[in-house]
Amino acid sequence: DDPLRALRAVRFAARYGFTIDPPLLESMADADVQKALETKVSRERWGVEVDGMLKGGAPVFTRAVAAMVDSTLFPVVFHAPCIPAE
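Residues numbered from 1 in each chain as written. Predicted model: local features only at pLDDT ≥ 70, side-chain atom pairs only at ≥ 80, totals over all residues. Heavy atoms only, no water.

A. Quick peek at the pattern of salt bridges. Here the structure, examined in full by the defined rule, presents six salt bridges. Between D2 and R5 there is a salt bridge, with its nearest N and O atoms 3.8 Å apart. K55 is the salt-bridge partner of D51, the closest N and O atoms lying 3.2 Å from each other. Owing to a relative accessible area of 34%, D51 belongs among the partly exposed residues under this scheme. One connected set of salt bridges, linked through shared partners, spans D2, R5, R8, R11, R45 and E49. (Salt bridge = Lys/Arg side-chain N within 4 Å of Asp/Glu carboxyl O. Buried < 20%, exposed > 50% of the residue type's maximum accessible area, 1.4 Å probe, protein only.)

Below, the structure written as C-alpha cells:
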C-alpha cells in the first residue's frame, strides 16, 4: 500500500548490511508496485531515499545499487527520459 517502502527497504538493507528477503524482492519487482512508485510517489521523496543511500558512502551505495538491480527497481529509479529519434 506504500510503494515508497520498496526504496526504504533498499536503503535500510544497504545501510545495515541486511539481506532482502526473497518474497520482498519479488514484491518489489511486481509491475504494479513499480508503477505505483512511479505514479504515486513524488520525485522529491525518491530523492530523500536515494540521498540517504548516497550519504552512506561507497559501500552503502554499492549495496543499494545491487539491491535495486536484484529487485528490478534500478531502471525505475534511474531511468533516462525518452529521447525521440531524429
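B. Representation of the environment of G57 within the structure. In this structure, G57 sits in helix 5 (residues 57–70). Considering only alpha carbons, one finds G57 and D2, 55 residues apart in sequence, at a separation of 27 Å. (Helix = DSSP H or I, 4+ residues; strand = E, 2+ residues; numbered from the N terminus.)

These values are about where atoms sit, not about what they do.
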